[in-house]
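Geometric and topological summary
Residue strings, one per chain:
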Amino acid sequence: MRVRFWGTRGSIPVAASGRTIRKKVAKALRLAEGRRFGTEEDLERFIDASIPFPVRHGYGGDTSCIQIEAGDRYTLFDMGSGLRRFGQQVMAEHGPDRPQEYHFFISHMHWDHIMGLPFFPPIYIPGNTIHVYGGHAVSMLQEAFRRQQSNPCFPVYWDQLGARIVFNQLETDRTYEINGFSIRLTDQSHHGGSFGFRFERGGKVLVYSTDTEHKLEDDAQTDAAVSFFKDADLVIYDAMYSLADMVTVKEDWGHSSNVVGVDLCLRAGVKHYCMFHHEPACDDDMILTNLEETRRYAEIVGEGRSMTISTAYDDMVIDLS
Amino acid sequence: MESSVRQIADVTLIRIDGRVDHATAKAFEEVIKPHLDDTGAAPLPKILLDLGGLSFMTSAGLRVLMIAAKACAAQGRDLAVAALQPAIAEIFKISRFDLVLKIHPTVEEGLSSLSSEAAVLWEAG
Ligand SMILES: [Zn+2]
Ligand SMILES: [Zn+2]
């Protein structure tokens with residue numbers, strides 16, 4: 001199973017400002033120290049070896065959208081703005097004439113998790129089938145998408161879409177077999193409710209748990225999260241805030257923190273914890289600093305237990321095999 | 001986790017030793033709770049947590065500290081922590097608790113910033 005991140009930012013898409021780009025160019029030029037590059041390969045090698053990640057690449061600004069590559073049909077988590085770029089790729093690959101089937105698992109219907117759908121060309125093409133699964137009632141799921149594509153928010157209305165769109169409500173106390181995955185979901189603490197997903201296939205376990213405020217107040221809630229994450233190969237987790245923000249000014253805003261993610265994943269014996277849903281106010285340097293600090297926290301509290309920690313970026317790929 | 005409580009002038013000095021993690025956070029909360037309750041006899045106006053013997057703390061323990069800090073702030077009382085071991089100081093910084101809690105390098109400095117009377121008594125042993 002391969003996990004491809006199309007969008008990793010929380011709440012609202014962000015783009016690098018002119019000032020930010022200028023700072024990156026200045027840093028790169030300084031690091032080049034007047035060097036000349038004979039070939040494109042030399043230049044590429046220098047970029048990879050000598051320019052730090054936040055300067056040469058950055059974390060990106062599209063909102064939540066993740067593809068799981070396994071099996072012959074498309075499987076994705078959420079429809080944030082990152083879905084637009086996924087749509088461009090599938091259109092380039094298949095063109096408009098070869099119908100495809102897409103399976104979307106929706107954590108919840110907040111804007112940043114559905115805003116990519118109107119910009120996903122396959123919905124306008126007859127013959128395509130789009131399955132939408134979520135923990136919310138079908139009527140609520142439908143309503144959110146219908147409203148998004150209605151007057152005055154968007155010029156192409158829901159009823160004008162060409163694809164067949166099928167909504168399905170999943171329940172938390174069942175295991176589903178969909179698309180070759182064994183799937184469970186759990187409800188999470190977030191305004192309007194949100195759901196985390198646990199996907200298993202070929203002995204590998206992936207958990208997607210975003211837009212969840214894990215308050216540590218209630219042992220039963222913590223134990224439930226730990227058992228949902230149990231022995232996962234990869235947990236993608238809402239690490240939007242610092243712990244201090246999460247328990248003070250941003251209490252009840254519906255998001256968790258980098259260090260809570262570490263504590264839950266360590267207890268659950270998770271192999272790889274991936275920080276996700278980045279705060280829009282964080283620039284690339286801040287996201288890298290957060291990652292380094294989170295790794296240091298895990299080193300201190302892990303007491304010898306090892307766990308891979310990464311922070312998601314747009315176009316990141318993680319192989320689980 | 002072990003704890004001891006002393007009253008020095010108008011300061012309640014709570015010393016915490018050992019580990020505060022998900023398994024002991026509740027016990028930690030029980031130690032602090034009585035000093036946050038202002039419904040009966042008025043508690044001393046200030047709390048200093050001596051964390052010199054605290055060797056391990058996770059988010060579960062930090063949360064308890066925040067509850068205490070918020071309760072004190074709501075009652076117009078002061079709460080501070082003192083004598084963090086280097087690893088604990090790092091955890092405070094990573095979780096940004098260094099920005100929301102008053103942290104003193106030593107118990108002595110914590111006491112003198114909270115209460116000159118308590119500092120004098122502490123000095124006298
Ligand atoms: Zn979100
Ligand atoms: Zn949300």
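A brief report on the enclosed structure follows.

So, how was this worked out
- Residues numbered from 1 in each chain as written.
- Chains lettered and ligands numbered in written order.
- Predicted model: local features only at pLDDT ≥ 70, side-chain atom pairs only at ≥ 80, totals over all residues.
- Heavy atoms only, no water.
- Donors = N, O, S within 2.8 Å, 3.2 Å for Na, K, Ca; no water.
- Tetrahedral: all angles 85-135°; square planar, octahedral: opposite > 155°, others 65-115°.
- Helix = DSSP H or I, 4+ residues; strand = E, 2+ residues; numbered from the N terminus.
- Contact = heavy atoms within 4.5 Å.
- Buried area = accessible area lost by both parts, 1.4 Å probe.
- Polar contact = N/O pair within 3.5 Å; in protein donor to acceptor, adjacent residues only side chain to side chain.
- Nonpolar A, V, L, I, M, F, W, Y, C, P; charged D, E, K, R; others polar.
- Buried < 20%, exposed > 50% of the residue type's maximum accessible area, 1.4 Å probe, protein only.
- Patch = residues over 30% accessible without salt bridge, like charges linked within 9 Å, V, L, I, M, F, W, Y side chains within 5 Å.
- Areas by Shrake-Rupley, 256 points an atom, 1.4 Å probe, with all protein chains shown as cover.
- Salt bridge = Lys/Arg side-chain N within 4 Å of Asp/Glu carboxyl O.
- Lys, Arg positive; Asp, Glu negative; His and termini not counted.
- Charge placed at Lys NZ, Arg CZ, Asp CG, Glu CD.

Moving on, we come to the coordination of the zinc ion (ligand 2). All names here are of chain A. Bound to the zinc ion (ligand 2) on the protein side are His-108 (NE2), His-110 (ND1), His-190 (NE2) and Asp-211 (OD), at distances that span 2.1 to 2.5 Å. Geometry at the zinc ion (ligand 2) is irregular, judged from its four donor atoms and the angles of 91 to 172 degrees they form at the metal. Between the two metal centres, the zinc ion (ligand 2) and the zinc ion (ligand 1), the spacing is 3.6 Å, with Asp-211 acting as a shared donor. One end of the pair, His-108, is in the loop between strand S4 (101-106) and helix H5 (111-114); the other, His-190, is in the loop between strand S8 (181-188) and strand S9 (194-201), and 82 residues separate them in sequence.

Looking now at the interface of chain A and chain B. Opposite the 21 residues of chain A that make contact, chain B presents 21 residues. Here chain A packs against chain B, burying approximately 1,900 Å² in sum over the two surfaces, 60% of which is carbon and sulfur. On the chain A side of the contact with chain B, Leu-243, Glu-293 and Ile-300 of chain A bury the most area, a combined 24% of that side's loss. In this assembly, chain A and chain B are joined by 10 residue pairs in polar contact (both at pLDDT 80 or more). Elements with a minimum of two residues in the side of chain A that touches chain B: helix H8 (243-247), helix H9 (258-268) and helix H10 (284-302) of chain A. The element that contributes the greatest number of residues to the side of chain A that touches chain B is H10 of chain A, accounting for six residues. Each residue belonging to the side of chain A that touches chain B can be placed in one class, and the counts come to nine nonpolar, three polar and nine charged.

Turning our attention to the coordination of the zinc ion (ligand 1). Residues and elements named next belong to chain A. Distances from the zinc ion (ligand 1) to its protein donors, Asp-112 (OD), His-113 (NE2), Asp-211 (OD) and His-277 (NE2), fall within 2.1 to 2.2 Å. Note that the zinc ion (ligand 1) binds four donor atoms; their angles at the metal cover 90 to 165 degrees, and the shape is irregular. We note that the donor set of the zinc ion (ligand 1) lies within a single chain, spaced as D-H-x97-D-x65-H.

As a further point, take the side chain of Thr-8 of chain A. Residues and elements named next belong to chain A. Residue position: Thr-8 is located in the loop between strand S1 (2-7) and helix H1 (18-32). Judged by its relative accessible area of 0%, Thr-8 falls in the buried class. Among the polar contacts made by the side chain of Thr-8, one reaches the side chain of Asp-314 at a distance of 2.7 Å. When neighbours within four sequence positions are excluded, Thr-8 is seen to be in contact with Tyr-59, Asp-62, Thr-63, Ser-64, Phe-276, His-277, His-278, Ala-312, Tyr-313 and Asp-314.

A few words now on a negative patch on the surface. On the surface, a cluster of negative charge is contributed by Glu-40, Glu-41, Glu-44 and Asp-48 of chain A. Its location among the elements puts Glu-41 of chain A in helix H2 (residues 40-50).

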